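Structural overview for review
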Amino acid sequence: MAQWINSDGLAIRLGNTEAEVTRGGEVNSFGPDRIWEFVVDLANLGSATAVLEDTQDILLPAGLFISEVEIVNETAATSGGSATLNLGLIRQDLSTTYDADGLVAAAALSTFDSAGETSVLRVGSSGAGAFLGTALAYTGYLVADYDTAAFTAGRLRVRVKGYVKRPSATN
C-alpha cells in the first residue's frame, strides 16, 4: 500500500505494508558485541544498488564499530558468469547512498559457491568493505547489488558484528 517518510526520517507504513515480514534484525548476544543477521537471496539482486528484500526495518546504528562480516552459504551460489557481490548501506532517508559496498566489496562468486561454506571478512580480507574497522557516522539500511554478471541461485545468511563505541569517562 502506502509508505512515507516522517519528519524524523522514519519510514511510516500504512495498510498492508505495515505488517510486512522482515527477515533478520539484531540478534540477542551476551557481552559487548552486537550482531545483526539477515538473509540475502542472490538470484533476487539487481545490477543497481537497492534496499535488500525483506530487510526494510533493519537499521545499523550510527556509532557502530564494525569488526567483521560473517557469511554462511545456505544454498550454493551460481552465475552465468563471474558474479561479484556488494553489500552496503543507504542513509535513513532512503535516497542518499552511504556506501553501496561498505560491508562487502566485490566478493567473488567462489566465496559463495559451496553450501555450508562460511566466510569471515575482517579488515584486509579479500572482499571486505570500507566500513570494516571503522565506526559508522550515519544510521543506515542494508543495500546490495551484483557486478560483472547476475547470480542465478544462492542464499546467504549474513551476520554483521561490532560494538557501539562509548565516550571515554572523564573526572
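Our structure is the block above this text.
Analysis parameters
Residues numbered from 1 in each chain as written. Predicted model: local features only at pLDDT ≥ 70, side-chain atom pairs only at ≥ 80, totals over all residues. Heavy atoms only, no water. Helix = DSSP H or I, 4+ residues; strand = E, 2+ residues; numbered from the N terminus. Buried < 20%, exposed > 50% of the residue type's maximum accessible area, 1.4 Å probe, protein only. Contact = heavy atoms within 4.5 Å. Areas by Shrake-Rupley, 256 points an atom, 1.4 Å probe, with all protein chains shown as cover. Phe/Tyr/Trp six-rings, centres within 6.5 Å; stacked < 30°, edge-to-face > 60°. Lys NZ or Arg CZ within 6 Å of the ring centre and 35° of its normal. Core = buried A, V, L, I, M, F, W, Y, C linked by side-chain atoms within 4.5 Å. Polar contact = N/O pair within 3.5 Å; in protein donor to acceptor, adjacent residues only side chain to side chain. Pairing = 2+ DSSP bridges. Axes fitted to C-alpha atoms, helices over the stretch in contact; angles between N-to-C directions.

Remarks on the overall build of the chain
For the chain, the count of helices and strands is zero helices and 12 strands. When the helices and strands of the chain are read in sequence order from the N terminus, they spell out β-β-β-β-β-β-β-β-β-β-β-β. The buried share of the chain, taken over its 171 residues, is 40%. Counted over contacts in the chain with a minimum sequence separation of 6, partners at least 24 positions apart contribute 77%. Surface summary for the chain: the accessible area is close to 8,600 Å², and the carbon and sulfur share equals 49%.

Thoughts on the packing of aromatic side chains
All told, the structure shown has three aromatic pairs when counted by the stated rule. Ring geometry for Tyr-98 versus Phe-131: centroids 4.8 Å apart, planes at 50 degrees, classification tilted. Here the residue Tyr-98 occupies a position in strand 9 (residues 97-108), and Phe-131 occupies one in the loop between strand 10 (118-121) and strand 11 (140-147), the gap between them amounting to 33 residues. Assessed through its relative accessible area of 6%, Phe-131 is described here as buried. Among the aromatic residues, ring-to-ring pairing joins Tyr-98, Phe-131 and Tyr-138 into one connected group. One cation-aromatic arrangement involves Arg-91 over Tyr-138; the distance from NZ or CZ to the ring centre is 3.6 Å.

Here's the deal with the nonpolar core
Phe-38, Val-40, Leu-60, Val-69, Leu-87, Leu-103 and Phe-151 are the most contacted members of the largest nonpolar core, which has 33 residues in total. Of all the elements in the fold, those that place two or more residues in this core are strand 4 (34-41), strand 7 (64-79), strand 8 (84-91), strand 9, strand 11 and strand 12 (151-164). Here this core gets five residues from one element, more than from any other, and that element is strand 7. If sequence neighbours within four positions are ignored, Val-40 has contacts with Leu-45, Leu-52, Leu-87, Gly-154, Arg-155, Leu-156 and Val-158.

A short note on the side chain of Ser-79
Topologically, Ser-79 is positioned in strand 7. Taking relative accessible area as the criterion, Ser-79 reaches 18% and is therefore assigned buried. Within the structure, Ser-79 has its side chain in polar contact with the backbone nitrogen of Gly-81 (distance 3.1 Å). At 2.7 Å, the side chain of Ser-79 forms a polar contact with the backbone oxygen of Ala-150.

Section: unusual backbone geometry
In the Ramachandran plot, Ala-106 falls in the positive-phi region, its phi being about 50 degrees despite a non-glycine side chain. With respect to the helices and strands, Ala-106 occurs in strand 9. Positioned with a positive phi, Thr-148 is a non-glycine residue whose angle comes to about 70 degrees. Checked against the element boundaries, Thr-148 lands in the loop between strand 11 and strand 12.

Some thoughts on the sheet that holds strand 7
Sheet architecture is open: five strands sit in the order 3-4-12-7-10, paired in antiparallel fashion. Here the strands that pair on one side only, and so sit at the sheet edges, are strand 3 (24-27) and strand 10. Adjacent strand axes in the sheet meet at a mean angle of 20 degrees, parallel and antiparallel pairs treated alike.

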